[in-house]
Structure formats: C-alpha cells, structure tokens
Amino acid sequence: MSNAGRGIRFSIWELLLLTACVAAGLTCLKYADRNIWLVLANAVPVCLAIAAVIALADRGRRQAIAGGFAICLAIYLALLMNTGSAARGRWATEMMLDRLHKSMMTQKWIDGQTREDIGNPPWPTAMLGNVAGVQVPNSGVFRAIGHMLWALLFGYLGGRFAEWLYWRRQSVAAPAREPS
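Remember, predicted model here, so these are calculated numbers, not experimental data.

1. As for the layout of surface pockets
Looking at the largest pocket, its volume works out to about 1,100 Å³. The wall of the largest pocket is formed by 35 residues, among which L18, C21, L152, L153 and Y156 lie closest to the centre. Elements represented by at least two residues in the lining of the largest pocket include exactly α1 (12-30), α2 (34-57), α3 (61-82), α5 (92-104) and α7 (139-173). Residue composition of the lining of the largest pocket, grouped by class: 24 nonpolar, 5 polar and 6 charged.

Structural data, given as structure tokens:
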C-alpha cells in the first residue's frame with residue numbers, strides 16, 4: 001500500500017497514547033513538585049538525544065519524524081533558556097500556563113513551626129502569625145513543568161509535520177502511474 005498523497009492520520013493506538021500523555025501531563029501539573037520537575041528536566045534532554053541519534057542514523061519516515069521532533073523541541077528549549085521571564089510573560093504558552101495554574105491552585109494552610117497542614121484554621125489562630133498560607137501547586141515549579149510539557153508537545157507536532165512533509169515529498173518524487 002502506498003502512502004503517497006496521504007494526509008496526517010492518527011491510529012487508534014496513537015490517539016489512546018496521546019490521551020494518556022495529556023492525562024499524565026495534567027496530573028504532573030496538578031501535583032507539581034520538585035521531584036516531578038527533576039524527572040521531566042532529565043527526561044526531556046534524553047528524549048532530545050534519542051531523537052537526534054535516530055535522525056542521524058535512521059532513514060526514511062522515522063528519520064523525518066525524529067528530525068522534526070528534535071528540531072522543534074530544541075528550538076523551544078533554546079528560546080525558553082535565552083528569554084528573560086519578563087519577555088516570556090508575553091508568550092502564549094506562558095499565558096495559558098498562568099490561566100491553568102489559577103484554575104488548579106488551592107490555598108493550603110500550614111503551621112509555621114511544624115510545617116504541617118492544618119486545614120482551615122480558625123481566624124484568631126491565623127492572625128497570631130504562626131500560620132502561613134501556601135499556594136498548591138507552587139507557581140514556579142508549575143511553570144517549569146508546564147514548559148517541559150510544552151516542549152514535548154512542540155516536539156511531537158514537529159515530528160508529525162516532518163512526517164507529512166516526507167510523505168508529500170515521496171508523492172512528488174514518485175508520481176502515480178496510469179493503469180495500462
């Protein structure tokens with residue numbers, strides 16, 4: 001079966017995998033902490049390295065997908081690292097992360113001495129100064145995790161776009177024959 005001229009298609013397996021990845025990503029954001037950040041901060045460069053090796057060593061469709069993934073992921077990470085937080089505040093991804101954080105954020109009350117969650121303190125206790133309100137999840141960690149997830153999404157979209165370009169180039173290189 002020739003894939004020439006085919007558009008971007010999704011298999012059921014790929015749609016299920018994407019659904020699982022979105023659910024895992026939202027869970028990472030809901031329970032954002034340093035451990036999740038450390039896992040993603042190490043996993044994203046490993047994904048980039050694997051994709052770069054595949055883009056260099058493989059041929060055909062997989063090379064196109066890996067190259068598109070690696071290039072788009074690397075560009076987003078480079079922009080992220082080389083842009084100050086004031087300029088990044090105007091990015092669409094940053095604005096979406098801010099809105100998502102506001103919708104997921106809850107206020108947690110902790111004892112200032114023991115750092116234990118005390119639930120909703122009575123107001124006189126809260127006014128004594130030994131109770132602190134904390135945003136959960138922390139906005140800095142939330143943003144860092146969110147940007148890693150955005151990088152992976154842009155990598156995926158870049159890979160799919162590169163695959164589409166590959167099939168388009170194949171259909172131009174091998175025109176369909178007339179039946180004889």
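Next comes the rest of the write-up.
2. Thoughts on the packing of aromatic side chains
Note on aromatic pairs: each is described by the distance of the centres and the angle between the planes. Per the stated rule, a full pass over the model turns up 5 aromatic pairs. For the pair Y76 and W91, a centre-to-centre distance of 5.8 Å together with 55 degrees between the ring planes defines the contact as tilted. Of the two residues, Y76 is situated in helix α3 and W91 in the loop between α4 (85-88) and α5; the sequence distance between them amounts to 15 residues. Among the residues examined, W91 registers a relative accessible area of 19% and is labelled buried. Seen from their ring centres, Y166 and W167 are 5.2 Å apart, and the 70 degrees between their planes marks the pair as edge-to-face. Here a set of aromatic residues connected by ring pairs shows up, and it is made of Y76, W91, W150 and F154.

3. Section: the environment of G158
Following the sequence through the fold, G158 ends up in helix α7. When its relative accessible area of 7% is taken as the criterion, G158 is described as buried.

Calculation criteria
Per-chain numbering applies: the sequence of each chain, read as written, is numbered from 1 onward. Reporting of local features is limited, given that this is a predicted model, to residues whose pLDDT is at least 70; pairs of side-chain atoms are given and counted only at 80 or more, and all residues count toward the totals for whole chains, interfaces and linings. Calculated side-chain values reflect all of the structure's heavy atoms, with hydrogen atoms and water omitted. A pocket here means an open set of points on a 1 Å grid, computed over the protein atoms alone, that has protein on both sides within 12 Å along at least five of seven lines. A cavity is instead a set of points where a 1.4 Å probe fits but cannot get out; residues with an atom within 4 Å of a point line either one. Grid points are joined across faces, edges and corners, and a volume is the space filled by probe spheres set on the points. For helices the rule is a DSSP run of H or I covering at least 4 residues; for strands it is a run of E covering at least 2, with both sets numbered from the N terminus onward. Nonpolar residues are Ala, Val, Leu, Ile, Met, Phe, Trp, Tyr, Cys and Pro. Charged residues are Asp, Glu, Lys and Arg, and all others, Gly as well, are polar. Here is the rule: rings of Phe, Tyr and Trp (six-membered ring for Trp) pair when centre to centre is within 6.5 Å. Planes less than 30 degrees apart are stacked, more than 60 are edge-to-face, and the remainder are tilted. Relative accessibility thresholds used throughout: buried, under 20% of the residue-type maximum; exposed, over 50%; partly exposed, between the two (1.4 Å probe, protein chains only).

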